[in-house]
Structures are given as structure tokens and as C-alpha cells.
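Chains, contacts and geometry: an overview
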Amino acid sequence: MYDARRNLLAREIQRQCRGKLKRDESLAKHTTFGLGGTADLFFSPADLSDLAIAVPLIKDAGLPIFPLGGGTNTLVRDSGFHGLVISLTTGARRIEIGDDEGVIQAGASTQVVSRQCQRAGKTGLEFGCGIPGTIGGAIWGNAGAWGGETMDRVNWLRGVDLRTSREIYLKQSDISFGYRHTNLPTDLLIVEAGFRLAEGDPKTIAAEMNRMLAERKSTQPLSNRSSGCIFKNPPSHSAGALIDSAGCKGMSIGAVKVSDVHANFMVNLGGHSTEDVLALIARVQKRVFQVHKIELETEVRILGE
Ligand SMILES: Cc1cc2nc3c(=O)[nH]c(=O)nc-3n(C[C@H](O)[C@H](O)[C@H](O)COP(=O)(O)OP(=O)(O)OC[C@H]3O[C@@H](n4cnc5c(N)ncnc54)[C@H](O)[C@@H]3O)c2cc1C
């Protein structure tokens, strides 16, 4: 039954759409951790009109769906994902910067958006200068740094519910969000959003961004493969400090290691199995709980059964 629906969807997308449809696509190459199995189907629409053709087909197929951005906050299990991964990184990455609002498509790079705003003399998104991944992923998880958070700047977003093919328009006040969290449903594909911007001096903004980037470079293992911070900071605590003081820095399983540079990063030094990462996550959680009586919650999204 599943196979028949998957095959029909693949055939119809290939017949009707201009974008790329791949079968059994390795997700390791679409994530910064570089691990994990394949997606049964991986679709990158050519543009938004192509997406509009695909949406009713996706709805009719009823397969599990996962919108993937830059894969910088996603860990894929070795068993992969039995369903359709949809990516907007080639077909929806337009950036339009207006006087007091930027209208940005979900597949745009957060770092590129941040830099273009700086060049246009717009302040508000400079905190994103070092956050890898896409605007869609940044909205979904309310990414942030240096006190700035994505959802604080979102005026509205537009997307589509892939389960019902209904178009969705939400204002910021319709969305509940907090630290690295929104209540956006998993079947919602964010397509574009309007971001609140203000006038700023390009040189002053650039200086602030340079400061953030330099600090990031000296405190994060940027030359290794990782998913950024593995755990959320518990209220009033730094996850990195808790992990460090629990003696977990440098702990490893296989070729996956708790970074010596930043204890809340796990780095992939050439491993082949996500199971090693998951086992290391569990070991760190257990140790931190033993020492501090605090439960660490993962920040990375874990995909697959
Ligand atoms: C070196 C490094 C540094 C990092 N530093 C930071 C930091 O300072 N602050 C921070 O907050 N994060 C940081 N991260 C984590 C990560 O970069 C952010 O969370 C980023 O915003 C995720 O975007 P993405 O496109 O890669 O999302 P993905 O990993 O592709 O997806 C993450 C989630 O978003 C959903 N999603 C993605 N696109 C869409 C869409 N169009 N519609 C609906 N849902 C979507 C996915 O389904 C998934 O649930 C860092 C990561 C790395 C590797």
C-alpha cells in the first residue's frame, strides 16, 4: 500500500513538475552532521508555481512528509525516512528588502539574508550572520543568537498545509513561540515570511556582525561537522557549562565526540552511524542528570523511526 502510493506520487511529480525528484536520496549529504539513511523520496520544486502543482499530489498520496531546510539542525537516523522530504533551497530563496520589511522566501540562507540586510542599511537580522541553514528552519525552531530571535522579527508568514493542501497565512500574534520553539505544525511548509526591519548604518551593523562572527569562531568548533548546539539551555543554565562541569567534554562514542571547544556541540570526526550520536546524547543526558539533577532536552530535530 505504502509502496504503491510512493511510486504513484513519484511518477506524477515527475510527469507534472519541473523540479527534481530523487528516490532513495542519501540525507547524510543534506545535513551538516553528515550522517543518516535515505529518504524514500526527495523533492525540490523548481519554483513556487511548481510547488503549487505538487501540493495536491502530495496531499493525495498521504505519505509522511518532512520539510528540510539546510539540514543544520536535523539528525537523521540510520534507518532513514520513509516518506517525502521536500526542500525549498533551490526553488524558493528570493530576498526582497523594503523600507521597513523584508519579504523572504523560506529556502533563503539565513546568513545571506542577514548580510543583504546589512548592505541595504537595515537592522534587525544581524544576529543571523553566523546561523547556518535557511529562513524556513530558523522560523520553525525560532533560531537565535546574541539576544536576537527569529520570531521577534517575523510580521507574518505564508505557507501550505501539506496534509490538506490548504494555504496558511499567520500573523506573528497567531504563533506561540519561545526559546528555540514555535508551535508551528509539522505538516506546515513555510514558504515565505515578512520580517520587521529598521533603518541602520551599514558600517555600524557590519562592525556588530564582525564582533559576533569573531566570538563564534573562537568559541565554536566551526571546522568540524556538527548540528550546532545539541541541547537547549535549561532555564537559567547554560547546557554547555552543565555538560562541561559534569565531566563530559571530550567524551566520545565511535567517531562522534563532545567537542573540546564547546561542550554543547557534538562533532562528527568521520563516523558512519547516527546511533553513535544518539548513544552519546543519552550518555551525556544521564551524566548531567546524575551530577546536576537537570534533564537536558535536545535542540536538534531527530528524523526517522
Ligand atoms: C555550526 C552551527 C552553528 C549554529 N548556531 C546556531 C545559533 O547560534 N543559534 C541557533 O538558533 N541555531 C544554531 N544552529 C542550528 C541551526 O543552524 C538553526 O537551528 C537553523 O535555523 C536551522 O535551519 P535549517 O534550515 O538548517 O533547518 P533544518 O535542520 O533543515 O530543519 C530544522 C527544522 O525546521 C523545519 N523546517 C525547515 N525548513 C522548513 C520550512 N520551509 N517549512 C517548515 N519547516 C521547516 C524542519 O522540518 C525541521 O523540523 C547552528 C548550527 C550549526 C551547524
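Keep in mind the model is a prediction, meaning the values are calculated, not measured.

Let us now look at the domain arrangement of the protein chain. Looking at the assigned domains, one finds that the protein chain contains domain 1 (2–87), domain 2 (95–218) and domain 3 (221–303). Its C-alpha centre places domain 1 at a distance of 29 Å from the equivalent point of domain 3. At the junction of the two partners, domain 1 supplies 17 residues and domain 3 supplies 23 residues. A combined buried area of about 1700 Å² lies between domain 1 and domain 3, and 55% of that area is made up of carbon and sulfur atoms. One can count zero salt bridges joining domain 1 with domain 3. Applying the counting rule to domain 1 against domain 3 returns 14 residue pairs in polar contact (both at pLDDT 80 or more). Broken down by element, the residue count for the side of domain 1 that touches domain 3 peaks at three residues, all from strand β4 (residues 74–76). Partitioning the side of domain 1 that touches domain 3 into residue classes produces eight nonpolar, seven polar and two charged.

This part takes up the pattern of salt bridges. In this structure the tally under the stated criterion is 17 salt bridges. Linking Glu25 and Lys22 is a salt bridge whose minimum nitrogen-to-oxygen distance equals 3.7 Å. Relative accessible area serves as the criterion here: at 6%, Glu25 is assigned to the buried category. The class for Lys22 is partly exposed, based on a relative accessible area of 33%. The closest approach of N and O atoms between Arg163 and Asp187, which form a salt bridge, is 3.4 Å. Here Asp187 lies in the loop between β14 (181–182) and β15 (188–196) and Arg163 lies in the loop between β11 (154–161) and β12 (166–171), a separation of 24 residues in the sequence. Asp187 sits in the partly exposed class, given a relative accessible area of 21%. Each of Lys22, Glu25 and Lys29 takes part in a single network of salt bridges with overlapping partners.

Near the ligand there are 34 residues, and of these Pro67, Thr72, Thr134, Gly144 and Arg301 occur at the shortest range. Backbone polar atom of Gly69 to an oxygen atom of the ligand: 2.7 Å apart, as the coordinates give it. At 3.1 Å, a side-chain N or O of Arg180 approaches an oxygen atom of the ligand. For the ligand, whose accessible area on its own is 970 Å², the fraction buried by protein is 94%. Elements supplying a minimum of two residues to the shell around the ligand: β3 (65–68), α4 (135–140), β9 (144–145) and β15. The element that contributes the greatest number of residues to the shell around the ligand is α4, accounting for four residues.

A few words on the sheet that holds strand β1 (residues 20–26). The four strands lie next to each other as β1-β2-β5-β3, forming an open sheet whose pairing is mixed. The sheet is open, and its two edges are formed by β1 and β3, each paired on a single side. Strand-to-strand twist in this sheet, taken as the mean axis angle between neighbours without regard to direction, amounts to 30°. Here strand β2 (residues 38–44) pairs with strand β5 (residues 81–87) via four bridges, running parallel. In the sheet register, Phe43 faces β5, and the bridge partner there is Ile86. The strands touched by helix α2 (residues 48–61) are β2, β3 and β5; relative to β5, the strand with the most contacts, the crossing angle is about 160°.

Okay, the sheet that holds strand β18 (residues 256–258) next. Where strands meet in a sheet, backbone hydrogen bonds hold them as pairs that are either parallel or antiparallel. Pairing is antiparallel in the open sheet, where three strands are placed in the order β17-β18-β19. Of all strands in the sheet, those with a lone pairing partner are β17 (252–253) and β19 (266–268), marking the two edges. Pairing between β18 and β19: three bridges, direction antiparallel. Across the sheet, Val258 pairs through a bridge with Met266, a residue of β19.

Attention now goes to the packing of helix α1 (residues 2–16) against α2. In the contact formed by α1 and α2, the axes pass within 10 Å of each other and the chain directions differ by 170°. The orientation of α1 relative to α2 falls into the category roughly antiparallel. Residue-level contacts link Arg5, Leu9, Glu12, Ile13 and Gln16 of α1 to Ile53, Leu57, Ile58 and Ala61 of α2.

Rules used throughout
- Residues numbered from 1 in each chain as written.
- Predicted model: local features only at pLDDT ≥ 70, side-chain atom pairs only at ≥ 80, totals over all residues.
- Heavy atoms only, no water.
- Domains from an automatic or database assignment.
- Contact = heavy atoms within 4.5 Å.
- Buried area = accessible area lost by both parts, 1.4 Å probe.
- Salt bridge = Lys/Arg side-chain N within 4 Å of Asp/Glu carboxyl O.
- Polar contact = N/O pair within 3.5 Å; in protein donor to acceptor, adjacent residues only side chain to side chain.
- Helix = DSSP H or I, 4+ residues; strand = E, 2+ residues; numbered from the N terminus.
- Nonpolar A, V, L, I, M, F, W, Y, C, P; charged D, E, K, R; others polar.
- Buried < 20%, exposed > 50% of the residue type's maximum accessible area, 1.4 Å probe, protein only.
- Near = heavy atom within 4 Å.
- Areas by Shrake-Rupley, 256 points an atom, 1.4 Å probe, with all protein chains shown as cover.
- Pairing = 2+ DSSP bridges.
- Axes fitted to C-alpha atoms, helices over the stretch in contact; angles between N-to-C directions.
- Parallel < 35°, antiparallel > 145°, perpendicular 65-115°, else oblique.

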